[in-house]
Amino acid sequence: MKEERAGGRLKRLFRKNPLLIKILSSYLVIVIVLLTVFSFVLFRTYSNKSIEQVSHTSENFISQSYYIADLMLINVYYNFYQLFINGVDSDFNYGLYVDQSDAFADQDVLRKLRQYVKSNPLIRSIYLYNSKTDRVIFNISEVGEGIQSTADFLDQDIINIFSNKEQTVSGKYFTRKVDYVINNKTISENFLTLVLTNTSSQGEVESSLVINLNERILQEMVTSGSAGDLNQVLIMYKDGNVLSHDDTSMINKNLSDESFAKQIMLSNDEKGSFITKINDRESLVSYVKAKHLGLIFIGIGDYSKLLMSAYSMQRTLLILTIIFILAGIVLAVFFTSSIYNPFRKLLHKYRLDSNRLMNDKKKALLGKLLDGEIDDKIRDHDYRTECGVSFDDPNYVTLVLKMDSLEKVLSGKWSKDVRLVKFAILNIASEFFREKRLKVEGIDNGYDYVSMIINVKDRSDEIVSHIIDSTMEIQDQVEKYLKISVSAGIGDMVEGVEGIGQSFQHALAASSYRIIYGRKAVIEYRDIAERNNKGIHDYPYEIEKRIIEAIKERNMRKMDTSLNEFFERLVLSSADEIQITVLQLAVLLTRTLSGIAKTSIENGEYSIKVLIAEIQTCETLEEIKTYLYSICSRVIETKGNDAKENVKSIIANKIKDYVGKHYNSINISTESVAKHVELSPNYVRSIFKEITGISLSDYITQCRMSEAQRLLLETDDSVSRIAEAVGYPENSKHFFTIFKKYFGKTPENYRMSIQDNGSPSKRTSNE
């Protein structure tokens, strides 16, 4: 009865207040419409983001493949081009230009070819063709080496190329399939060949250096051993001919008639992705163009498979959207006005946007000054003043403040909007410079850096020193208030607004040398200008070889010494050269460490993807060296004590062999032995004593005394001459003392006792 009366009262209330019903109904309709629109937008946004993410992932994969392959091909081309053109390698010059052959020199050439083939995993074989001697000197990795006449040379395809005057292949890469027989073994391979030739005035090839790259290894580098979500990964020339492909039957096939290839070849963009039909299947195509090599890197994936996870998430999102709408109908009436509106006001009140805080005209002007886009309007002092930039003095210098440890910054309290960090850095720097009575303007114009333009009256060293000191104080202020550090690059001082762009580029270049000088460094362009303009240093192959040997020998000390020497050499290089050199070392370490640890080169713990990703998080050479040392030492230590003892035995045997050949040298010592085995003297003493049970100095003495005993028995040489022959100076009293201690008699008495007794005396002590 009570329920009926309550229901009746509600009905009467609604009848008396129809407007209330309309308001509530309209409110519910508005809520449903708003939530539906919101959910639909969210649904569509996630769908688009999923598609963008898949495209971005594919583009990144192809870009990384391009970066690795492009770098390796350029390195090979540059290194061997320098060898061929400059003639700095005497062994190469002999092989290419000698008129008459020499057996010993031939062996030196073969040894040098062997070193170059082993130095790079891409190189399959190297030929030295010499028309004067009518022969080819060659080395084929893991197969064989030798010297053959032109007519008998196993790779007649390359000989035919030399004979064809109309076919010009010198100085560029081209693909070919080669079948040859060596050591009674038939080998069929796909090569990416680089030919460098010297021709006569009649166009005949007189000598040639041929480098054959392994197409299969190049393809593995391009795909990092696996194409991931992509069905195909290929490299083709800009004319459509396929250079490298997962399917070897596709190599040298022309794809210019394929619709996806046409679209890429006609595009003016250096990289991108698009959706098209290939073999009646919708596919996602991503590409990167390497214009200087004339190559295009392409990845093709099944579009439906690539978006499978996105479709699954979309269905989940749709269900959640429906639940959200139903819940919103119930809860929105009570909470929207009390929660959403205040929150919106609060968000609006505290949202900081550096673009809104800077006048648009001023920002555009500063951007053009830094980019060097100077026109008559910008030269006009009144226009600059109108834009809010009051520069009255004739000289300018730019400063770049770059955030250190950006990954930590993005993962910390500034993760939601890194622009706030840069805005705070700009404020701190601007206020501080103005306190120092310097005219300055700042702009956020980089992903991880901001730039300052400083206007000064004169170009004295005192002003530059003042700017450097102020920059250091700014670094301290930033670290104090923002809890992050910044590195600084200072450009050269220029006269007039026309030079601001150059000064900025130099400041940006200087900031990249943080990799050498470390975090929170202040780097002037004039300190690195000479190094930045020098030619590329030779890659330290010999040091690299010692690093690999040390790892294979499980020699921690040698590995540490060689790695330190490698990075000490890098300190003298430019920032760009350091990146290239470190990547090349990482590629070789990948193969070595994966082989020792018996893990996959493509996806294992020491794959190229893992090493590059970790190296890219390092900002200084010291960090890179520490990381590489840690992974190398970890592999060496995992082999256990048995491996260490085996290495010690190898070292002890090397020491014995060296002492056995050089004990008669006056200068032999623990230091000279240590230098030969590339270890410290203390470590050599410790290992030798541990393995042989005798100290190294005693072993040297033992070898000398044994030889002295033989000479006394078998020759009539004087004692002083025998002393000198076994490593003691002439008339050395030390020899007499040691001999008597060792045999119990002086050398003369020992020889006389032998002659008297007719048989050798036995050692009486310390033997």
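Above this text sits the structure in question.
Throughout this document, residue positions are counted from 1 along each chain, in the order its sequence is written. With the structure being a predicted model, the display of local features is reserved for residues of pLDDT at least 70 and the display and counting of side-chain atom pairs for 80 or more, all residues being used for whole-chain, interface and lining totals. Only heavy atoms go into the side-chain values, all of them from the structure, while hydrogens and water stay out.

Caption draft 1: Local environment of the overall build of the chain. Helix and strand counts for the chain stand at 31 helices and 17 strands. In what follows, residue pairs with any heavy atoms lying within 4.5 Å of each other are defined as contacts. Across the chain, every contact between residues at least 6 apart in sequence was considered, and the portion connecting residues at least 24 apart equals 61%. When the accessible surface of the chain is totalled, it reaches about 40,800 Å², and 51% of it is carbon and sulfur. Each helix corresponds to a stretch of at least 4 residues labelled H or I by DSSP, and each strand to a stretch of at least 2 residues labelled E; elements are numbered beginning at the N terminus. Values of accessible area rely on a 1.4 Å probe in the Shrake-Rupley scheme; residue burial ignores everything except the protein chains shown.

Caption draft 2: Representation of the sheet that holds strand E5 (residues 185-199) within the structure. Two strands form a pair only when DSSP identifies at least two bridges running between them. Spatial ordering of the open sheet is given by E3-E2-E1-E6-E5-E4, a layout of six strands whose pairing is antiparallel. What marks the edges here is a single partner per strand, and that holds for strand E3 (144-149) and strand E4 (173-182). Averaged over all pairs of adjacent strands, the angle between strand axes in this sheet comes to 25 degrees, irrespective of strand direction. Sheet analysis places E4 next to E5, joined by ten bridges and oriented antiparallel. What sits directly across from Asp-179, in E5, is Ser-188. The axes are straight lines fitted to the C-alpha atoms, using for helices just the contacting stretch, and the angles between their N-to-C directions are given from 0 to 180°.

Caption draft 3: Structural context of helix H3 (residues 90-97). When we look at burial in H3, the residues that qualify are Asp-91, Phe-92, Tyr-94, Gly-95 and Leu-96. Here a polar contact is taken to be a pair of N or O atoms separated by no more than 3.5 Å, where protein atoms must pair a possible hydrogen donor with a possible acceptor and residues adjacent in sequence count only if both atoms sit in side chains. Capping of H3 at its N-terminal end is provided by Asp-89; its side-chain oxygen lies 2.9 Å from the backbone amide nitrogen of Asp-91. Think of it in three bands: with a 1.4 Å probe and only protein chains considered, a residue is buried below 20% of the maximum accessible area for its type, exposed above 50%, and partly exposed in between.

Caption draft 4: Structural context of the packing of helix H22 (residues 575-597) against helix H24 (residues 621-638). Contact geometry of H22 with H24 gives a least axis separation of 11 Å together with a crossing angle of 10 degrees. In terms of their interaxial angle, H22 and H24 are classed as roughly parallel. Packed against H22, whose contacting residues are Ile-578, Val-582, Leu-585, Leu-589, Leu-593 and Ile-596, the element H24 presents Leu-621, Ile-624, Leu-628, Ile-631, Cys-632 and Val-635 at the interface. All amino acids are sorted into three groups, where Ala, Val, Leu, Ile, Met, Phe, Trp, Tyr, Cys and Pro are nonpolar, Asp, Glu, Lys and Arg are charged, and the leftover types, Gly among them, are polar. Partitioning the contact of H22 with H24 into residue classes produces twelve nonpolar, no polar and no charged. Any angle between 65 and 115 degrees counts as roughly perpendicular, while under 35 counts as roughly parallel, over 145 as roughly antiparallel, and the rest as oblique.

Caption draft 5: Seen up close, the pairing of strand E15 (residues 486-490). The element E15 is largely enclosed, with a buried count of five among its five residues. Because side chains alternate across E15, one face comprises the buried residues Val-486, Ala-488 and Ile-490, and the other comprises Ser-487 and Gly-489, equally buried. In terms of strand pairing, strand E12 (residues 395-403) meets E15 through five bridges, oriented antiparallel. Opposite Leu-401, over in E15, you have Ala-488 as the bridge partner. Direction of pairing for E15 relative to strand E17 (residues 522-524): parallel, over a ladder of three bridges. Bridge assignment links Ile-490 to a residue of E17, and that residue is Glu-524.

Caption draft 6: How the structure looks around the sheet that holds strand E11 (residues 295-302). With antiparallel pairing, the five strands of this open sheet are ordered in space as E8-E7-E11-E10-E9. Both outer strands of the open sheet, strand E8 (242-245) and strand E9 (271-278), are each paired with one neighbouring strand and no more. When the angles between neighbouring strand axes are averaged without regard to direction, this sheet yields 25 degrees. Note: strand E10 (residues 281-290) against E11, eight bridges, orientation antiparallel. When the bridges of E11 are listed, Ala-290 appears paired with Leu-295. Packing against the sheet, helix H7 (residues 259-266) makes contact with strand E7 (232-237), E9, E10 and E11, and its axis sits at approximately 155 degrees to E9.

Caption draft 7: Summary view of the environment of His-381. Looking at the element boundaries, His-381 is found in helix H13 (residues 381-386). Since its relative accessible area comes to 31%, His-381 is described here as partly exposed. Apart from residues lying up to four places away in sequence, His-381 is in contact with Phe-391 and Asp-392.

Caption draft 8: Region of interest: the nonpolar core. To qualify as a nonpolar core, a set must consist of buried Ala, Val, Leu, Ile, Met, Phe, Trp, Tyr and Cys residues joined through side-chain atoms within 4.5 Å. Counting residues in hydrophobic clusters, the biggest one holds 68 residues, and the most contacted among them are Phe-80, Tyr-127, Ile-158, Leu-209 and Leu-213. Among the elements that line this core, the one with the most residues is helix H2 (residues 18-86), at ten residues.

Caption draft 9: Broad picture of the pattern of salt bridges. Any Lys or Arg side-chain nitrogen found within 4 Å of a carboxyl oxygen on Asp or Glu counts as a salt bridge. The final tally for this structure, using the stated rule, is 36 salt bridges. Residues Arg-514 and Asp-404 are paired through a salt bridge, measuring 2.8 Å at the closest nitrogen-oxygen approach. Of this pair, Arg-514 sits in helix H18 (residues 514-517) while Asp-404 sits in the loop between E12 and helix H14 (406-411), and the two are 110 residues apart along the sequence. One exposure class covers both Arg-514 and Asp-404, and it is buried. Between Glu-565 and Arg-546 there is a salt bridge, with the nearest N and O atoms lying 2.7 Å from each other. With a gap of 19 residues between them, Glu-565 in helix H21 (residues 556-570) and Arg-546 in helix H20 (residues 541-552) connect regions that are remote in the sequence. Glu-565 gets classed as partly exposed once you look at its relative accessible area, which sits at 30%. Each of Asp-404, Arg-514, Arg-519, Glu-619 and Glu-623 takes part in salt bridges that share partners, so that together they form one network.

Caption draft 10: Molecular detail of the side chain of Lys-558. Counting through the fold element by element, Lys-558 comes out in helix H21. A relative accessible area of 7% places Lys-558 in the buried class. Looking at Lys-558, its side chain comes within polar contact range of the side chain of Glu-678, at 3.5 Å. In this structure Lys-558 touches Arg-546, Glu-549, Ala-550, Glu-553, Glu-678 and Leu-679, once residues within four positions along its chain are discounted.

Caption draft 11: Inspection of helix H27 (residues 681-692) at higher detail. Multiply 1.5 Å by the residue count of a helix minus one, and that product is the helix's expected span. Helix length check: H27 (twelve residues) gives 16 Å between terminal C-alpha atoms against 16 Å at 1.5 Å per residue, within 8%. Downstream of H27 by one or two residues, Gly-693 has phi in the positive range, about 80 degrees.

Caption draft 12: Structural view of the environment of Leu-401. Looking at the secondary structure, you find Leu-401 in strand E12. Leu-401 gets classed as buried once you look at its relative accessible area, which sits at 1%. Separated by 119 residues in the primary sequence, Leu-401 and Lys-520 place their C-alpha atoms 9.6 Å from one another. Non-local contacts of Leu-401, meaning those with residues more than four positions away in its chain, are made with Ile-425, Ala-429, Asp-448, Tyr-449, Val-450, Met-452, Thr-471, Ile-474, Ser-487 and Ala-488.

Caption draft 13: Structural context of the packing of aromatic side chains. To pair, rings of Phe, Tyr and Trp, with the six-membered ring standing in for Trp, must have centres within 6.5 Å; the planes then decide the type, stacked if under 30 degrees apart, edge-to-face if over 60, and tilted in the middle. Across all of its chains, the model carries 20 aromatic pairs by this definition. For the pair Tyr-728 and Phe-735, a centre-to-centre distance of 5.4 Å together with 50 degrees between the ring planes defines the contact as tilted. Both residues of the pair, Tyr-728 and Phe-735, belong to the buried class. A ring pair is formed by Phe-743 and Tyr-750, whose centres lie 5.3 Å apart and whose planes are at 50 degrees; its orientation type is tilted. As far as burial versus exposure is concerned, Phe-743 and Tyr-750 are alike and both buried. Taken together, the ring pairs connect Tyr-728, Phe-735, Phe-736, Phe-739, Tyr-742, Phe-743 and Tyr-750 into an aromatic cluster. The rule for a charge over a ring is simple: NZ of Lys or CZ of Arg within 6 Å of the ring centre, and within 35 degrees of the ring normal. Taking the ring centre of Tyr-683 as reference, the NZ or CZ of Arg-557 above it sits at 4.6 Å. The ring of Tyr-728 is capped by Arg-704, whose NZ or CZ atom sits 4.9 Å from the centre of that ring.

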